[in-house]
Amino acid sequence: MLGRDHIESLQDLIAMEILEERNHAMNGWHRRRMPRFRDAPHGFLPRQVRHERILVEDDHLSFSTNDMNKVGLYVAAKPLSAENFYFEIEVIDTGLISAIGIGLVPYKYPMDSQPGWRAFSVGYHADDGQLFKASGFGRPFGPKCDVGDKMGCGIKFRKNDEERPQHEQAVQVFFTRNGQEIGTVTVPNPPGGLYPAVGMHSDGEEIRLNLEAEWVYEELMHMAVDSGEDEWLRLHDVKLNGVTLEYSGRGKSIHDVGLAQARYPLDTMNHYFEIEIIDPGESCYIAIGVARRNYPKDRHPGWNKGSIAYHADDGKIFVGSGIGDPFGPRCHKGDLMGCGIMFPPDYDSEVDSDLSPDENEGTEPGDAPYHSDTDSEEEDWGQYHGNKEPETGTKVQIFFTRNGKIIGYKHVNIPKGGFYPTVGMLSSCEKVRVDLRPLTG
């Protein structure tokens, strides 16, 4: 039997859910046909609050000192749902180091880990204001929290979730501090849902838990959808439907690429974006990456200089060339693909974002003719194809993710004007959902 505190993969989670359902059927429901696991709604199985190294007194939780110096964790009895999608904690005492974390985890989450440290979990931590998403390494996210601060966490379920029995493969998780939303992040949604969780790890830490806290976000969400067109600099052979991009080109040759490029470049405050593959279409010729502002409109990101991209159909990375290199796994329906920039500490966005003199600001981006019979104007870019470095540009680290996991990095020189989030498509019926700001408010 699998241990309760050693769940490392989605397969383990599914196996444990099935086993628990089978045990309940044997003990109480043996006279009725046991429903199939995939048909069981959230909350179908009786749950109990789980907590280790946490003292629980009504709505007060405090850290319990232990000889092994292990993390204390509290996991609620019910997952968040469309009806109850938000909860809060109030910091009563920060203890020695304020190692308090709030977030969401699967029910069978390891009890010696903070929210966000392990697979299928996410957490916002009070001591450093960082976000942890299925990793022991955090990312800058929000302000630190102190005594009296309220930290909140919730899920922005789709409006018609109550009417849809199927399970969402990914959800938008948001965090708040003192009633103000900090930001959102896309998180894979494991079978059984995501449960409110609180972690602590130093003497004296104490919080007040409110599992029935209220939060209103629908108005803000609708406003964001209504203004979706303002987020994009250009859409070539791509239709925008709220936060969804749909390929509308012919899909007959490599010249039929559909390109979507965001209006604003990535910067130190907004350094990462994601797409979810809703429909892979005929061939899943979907690419995510970053490109210069005047990038050719009928070329996949990564194919031409001033761009880099990760392609779903073959898992290759393209760095300013039509020849890709093996990089990561292929991506399919439901997969999340992400792209971001790790800027150097001394990065000066005001200086590095100026347009270079050879770019014509008087023309529409991408209107410069592209000559398909020669590659002279789009020569291989950077150190990966030959040793010809661009003359200017700060060197940055581009990283790509798949389902919340970083799969690799590349060092490149950022072009004048910056790197713009760019999505490419090339086969009929392809459709992706885009989140241009999953880590910022």
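Nothing here was measured: the structure is a model prediction, and the numbers come from that model. (Residues numbered from 1 in each chain as written. Predicted model: local features only at pLDDT ≥ 70, side-chain atom pairs only at ≥ 80, totals over all residues. Heavy atoms only, no water.)

Attention now goes to the overall build of the chain. Assigned secondary structure in the chain consists of three helices and 28 strands. Taking all 441 residues of the chain together, 49% fall into the buried category. Within the chain, counting contacts between residues at least 6 apart in sequence, those at least 24 apart form 66% of the total. Put simply, the chain shows about 21400 Å² of open surface, and 48% of that area lies on carbon and sulfur atoms. (Helix = DSSP H or I, 4+ residues; strand = E, 2+ residues; numbered from the N terminus. Buried < 20%, exposed > 50% of the residue type's maximum accessible area, 1.4 Å probe, protein only. Contact = heavy atoms within 4.5 Å. Areas by Shrake-Rupley, 256 points an atom, 1.4 Å probe, with all protein chains shown as cover.)

Looking now at the environment of Glu52. Mapped onto the secondary structure, Glu52 falls in strand β1 (residues 50-52). Judged by its relative accessible area of 30%, Glu52 falls in the partly exposed class. Between the alpha carbons of Glu52 and Lys70 there is a distance of 9.5 Å; along the sequence they are 18 residues apart.

Along the chain, Ala99 turns up in the loop between β5 (86-94) and β6 (101-105). Ala99 sits in the buried class, given a relative accessible area of 10%. A sequence separation of 15 residues divides Ala99 from Gln114, and the C-alpha atoms of the two residues are 9.1 Å apart. Not counting residues up to four positions away in its chain, the partners in contact with Ala99 are Gln114, Asp127, Gly199, Met200, His201, Ser202 and Glu205.

It is worth spelling out the nonpolar core at this point. Judged by nonpolar contacts, the single largest core of 44 residues is most densely connected at Leu245 and Ile398. Not counting residues within four places of it along the chain, the set of residues in contact with Leu245 comprises Trp232, Leu235, Val238, Lys239, Leu240, Ala260, Val423, Met425, Glu430, Lys431, Val432 and Val434. Core analysis: the second largest hydrophobic core is formed by 38 residues, Phe85, Phe141, Val173 and Leu209 among them. (Core = buried A, V, L, I, M, F, W, Y, C linked by side-chain atoms within 4.5 Å.)

With 74% of its residues at a pLDDT of 70 or more, the chain has an overall mean of 79. For the chain, per-element mean pLDDT is lowest for helix α2 (residues 218-226), which scores 42, and highest for strand β13 (residues 195-200), which scores 98. The low-confidence segment residues 218-227 (pLDDT under 50) makes three contacts with residues lying over four places distant or belonging to another chain. (pLDDT = per-residue confidence, 0-100.)

Next up on the list: the packing of aromatic side chains. Applying the stated criterion across every chain yields a total of 12 aromatic pairs. Ring centres 5.9 Å apart and planes at 85 degrees place the aromatic pair Phe141 and Phe175 in the edge-to-face group. Note that Phe141 is positioned in the loop between β9 (139-140) and β10 (150-155) and Phe175 in strand β11 (residues 170-177), a separation of 34 residues in sequence. There is no split in this pair, since Phe141 and Phe175 are both buried. We note Arg50 situated over the ring of Tyr107; from NZ or CZ to the ring centre the distance is 5.6 Å. Just above the ring of Tyr272 sits the side chain of Arg139; from NZ or CZ to the centre is 5.4 Å. (Phe/Tyr/Trp six-rings, centres within 6.5 Å; stacked < 30°, edge-to-face > 60°. Lys NZ or Arg CZ within 6 Å of the ring centre and 35° of its normal.)

Here the focus is the sheet that holds β5. One open sheet holds the seven strands; their spatial order is β2-β3-β14-β5-β10-β11-β12, and the pairing between them is antiparallel. Each edge of the open sheet carries a strand with a single partner, namely β2 (54-57) and β12 (180-188). Ignoring which end each strand starts from, the neighbouring axes of this sheet average 25 degrees apart. (Pairing = 2+ DSSP bridges. Axes fitted to C-alpha atoms, helices over the stretch in contact; angles between N-to-C directions.)

Attention now moves to the pattern of salt bridges. In a structure, side chains of opposite charge can pair up when their charged atoms sit close to one another. According to the stated counting rule, one finds nine salt bridges in the structure shown. A salt bridge links Arg402 to Asp335, with the nearest nitrogen and oxygen atoms 3.3 Å apart. With Arg402 in strand β25 (residues 395-402) and Asp335 in the loop between β23 (325-326) and β24 (336-342), the pair connects residues that are 67 residues apart, well separated along the chain. In this structure Arg402 comes out as partly exposed when scored by relative accessible area, which is 22%. (Salt bridge = Lys/Arg side-chain N within 4 Å of Asp/Glu carboxyl O.)

Attention shifts here to the pairing of strand β8 (residues 130-133). It is a general feature of regular strands that their side chains alternate between the two faces of the sheet. As judged from the three bridges shared by strand β7 (residues 122-125) and β8, these two strands associate in the antiparallel manner. Looking at the pairing, Gly123 lines up with Phe132 of β8. Taken together, β7 and the strand that follows it, β8, pair antiparallel across an intervening segment of four residues, in which Gly129 is found at a positive phi of about 70 degrees. From the end of β8 to the start of β9, which pair antiparallel, there are five residues, and Ala134 there has a positive phi angle of about 55 degrees.

Before going further, it helps to spend a moment on the sheet that holds strand β19 (residues 272-279). Whenever strands of a sheet pair, they do so through backbone hydrogen bonds, lying parallel or antiparallel. Taken together, seven strands build an open sheet; the order of strands is β16-β17-β28-β19-β24-β25-β26 and the sheet is antiparallel. Whereas interior strands pair on both sides, the edge strands pair on one side only; in this sheet they are β16 (238-241) and β26 (405-413). Taken over all neighbouring pairs, the strand axes of this sheet differ in orientation by 25 degrees on average, direction set aside. In terms of strand pairing, β19 meets β24 through five bridges, oriented antiparallel. Bridging across to β24, Ile275 finds its partner in Met337.

With that out of the way, let us pick up the pairing of β25. Across six bridges, β24 lies against β25 in antiparallel orientation. Looking at β25, one finds that Cys339 is bridged to Phe400.

Right, let's talk about a nonpolar patch on the surface for a bit. The grouping of Met342, Ile406 and Tyr409 at the surface amounts to a nonpolar patch, some 250 Å² of accessible area in total. Here Ile406 shows up in strand β26. Assessed through its relative accessible area of 35%, Ile406 is described here as partly exposed. (Patch = residues over 30% accessible without salt bridge, like charges linked within 9 Å, V, L, I, M, F, W, Y side chains within 5 Å.)

On to unusual backbone geometry, then. Phi at Arg53 takes a positive value of approximately 60 degrees, unusual for a residue other than glycine. Backbone geometry at Asp58 places phi at a positive 55 degrees, although glycine is not the residue there. Along the chain, Asp58 turns up in the loop between β2 and β3 (60-63).

With that settled, consider the state of the cysteines. With the rule as written, the count across this model stands at zero disulfides. For Cys284, which is in no disulfide, the shortest distance to another cysteine sulfur is to Cys331 and amounts to 7.2 Å. (Disulfide = S-S within 2.5 Å.)

Mapped onto the secondary structure, Phe399 falls in strand β25. Distance in space between the C-alpha atoms of Phe399 and Ile341 is 6.2 Å, their sequence separation being 58 residues. When near neighbours in sequence (up to four residues on either side) are disregarded, Phe399 contacts His271, Tyr272, Gly338, Cys339, Gly340, Ile341, Met342, Ile406, Gly408 and Tyr409.

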